[in-house]
Amino acid sequence: MWNWVHQLTEWARTNTPFAVVTVTECKGSTPASPGAKLLVRADGTFHGTIGGGHLEQLVLQDARGCLDKGEARTFRYPLGAKLGQCCGGVVDVFVEPVNHGPQLYLFGAGHVGQALCRILEGTPFRVHLVDERAEWVQSPQVPASVVRHEEPWDEFAASAAWDDRRTYVAVMTHRHDVDQDIIAFAIQKPARYIGLIGSDTKWARFRQRLDAKGLPARQVGRVQCPMGLPIGGKSPQEVAVSIAAGLLQLHHGLAPEVGTQPSPAPLLSSEG
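Thresholds, definitions, all that
Residues numbered from 1 in each chain as written. Predicted model: local features only at pLDDT ≥ 70, side-chain atom pairs only at ≥ 80, totals over all residues. Heavy atoms only, no water. Phe/Tyr/Trp six-rings, centres within 6.5 Å; stacked < 30°, edge-to-face > 60°. Helix = DSSP H or I, 4+ residues; strand = E, 2+ residues; numbered from the N terminus. Buried < 20%, exposed > 50% of the residue type's maximum accessible area, 1.4 Å probe, protein only. Lys NZ or Arg CZ within 6 Å of the ring centre and 35° of its normal. UniProt positions renumbered as here; feature names shortened; annotations may be inferred. Axes fitted to C-alpha atoms, helices over the stretch in contact; angles between N-to-C directions. Parallel < 35°, antiparallel > 145°, perpendicular 65-115°, else oblique. Left-handed = near helix turned anticlockwise from the far one by under 90°. Contact = heavy atoms within 4.5 Å. Nonpolar A, V, L, I, M, F, W, Y, C, P; charged D, E, K, R; others polar.

Within an unreviewed UniProt entry, the label attached to the protein chain reads Xanthine dehydrogenase accessory protein XdhC, and the organism entered is Corallococcus praedator.

Okay, structure coming up:
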């Protein structure tokens, strides 16, 4: 039996979604056996086999469909004329997406950033905390589940996976010039959400500078600033609660896509 555990571990380390296909039951004559597995990426790359032939091609197609929808489900395949096979048996499989959840690229490990990491613990979000300041990004206040990137923001951003459904961006570094550079980069990448911490005044200045650089209005308009829901309160923990609530609303489909929702009340204007 091939070492599917090793391959799953290798793929799980990346941000690229894939599906695990497991044969759960076989009845009659079939080319597969219970427990046989396939690992499938959205681009069609796969490892393993459940017996080959038209059955395997159909399973690969259905697995990619599950990845596209981000849902786990079972399938039953009668091995008759419809599949071009005459075995006469039946194969049941279970398809489970992995690495398909939302990814938050959190630029800035200051007080609000660390609080946001703690609040998002136990939610669907996988948080990538990016800050080149070791004393902040390696803080014991950051949960162990957070992926820490102790490096300049541009190095992380250049190698990160960007996806228009899974990628969420929150910018809250300790320097406004860095915030602006990150925003200018991010709005040109696929992402479902791009948020900037700060006031209406801060965003008005940023918008003027981005417009002066010739960036299209539709890209600039993707940014939500201030971030979060208008719950009141300006402490780092309260601001983080507000931001987390907005992210979860959007992820669960309870809020309009960014660019159509009203601006919330101003929050903190900077991070530390």
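Text resumes after the structure shown.
Draft legend 1. Spotlight on the packing of aromatic side chains. With the rule as written, the count across this model stands at nine aromatic pairs. An angle of 20° between the planes, with centres 6.1 Å apart, marks the rings of Phe 75 and Tyr 77 as stacked. Judged by centre distance (5.0 Å) and plane angle (90°), the rings of Tyr 105 and Phe 156 are edge-to-face. On the criterion of sequence distance, the pair formed by Tyr 105 in strand β6 (residues 103-107) and Phe 156 in helix α5 (residues 153-159) is long-range, its members being 51 residues apart. One exposure class covers both Tyr 105 and Phe 156, and it is buried. Aromatic ring contacts, followed pair by pair, group Tyr 105, Phe 107, Trp 153, Phe 156, Trp 162 and Phe 185 into a single cluster. When the ring centre of Trp 4 is taken as reference, the NZ or CZ atom of Lys 37 above it lies at 4.5 Å.

Draft legend 2. Spatial organisation of the UniProt feature "domain: XdhC- CoxI" (unreviewed entry) in the protein chain. The UniProt record marks residues 11-77 with the feature "domain: XdhC- CoxI" (unreviewed entry), using the residue numbering of this structure. Taken end to end, residues 11-77 is 28% helix and 34% strand, and its first and last C-alpha atoms sit 27 Å apart.

Draft legend 3. Seen up close, the packing of helix α3 (residues 111-119) against helix α9 (residues 236-251). At a minimum axis separation of 8 Å, α3 and α9 run at an interaxial angle of 55°. Taken together, α3 and α9 sit at an angle that is classed as oblique. The hand of the α3/α9 crossing is right-handed. Taken together, the residues of α9 that come into contact with α3 (itself represented by His 111, Val 112, Ala 115, Leu 116, Arg 118 and Ile 119) are Pro 236, Gln 237, Val 239, Ala 240, Val 241, Ile 243 and Ala 244. Residue classes in the contact of α3 with α9 are distributed as ten nonpolar, two polar and one charged.

Draft legend 4. Spotlight on unusual backbone geometry. Following Cys 225, the chain continues to Pro 226 via a peptide bond in cis, the omega torsion being 0°. Relative to the elements of secondary structure, Pro 226 occurs in the loop between β11 (223-224) and α9. Of note in this structure, Asn 99 is not a glycine but carries a positive phi near 60°. Assignment of secondary structure puts Asn 99 in the loop between β5 (90-98) and β6. Classification of Asn 99 as buried rests on a relative accessible area of 15%.

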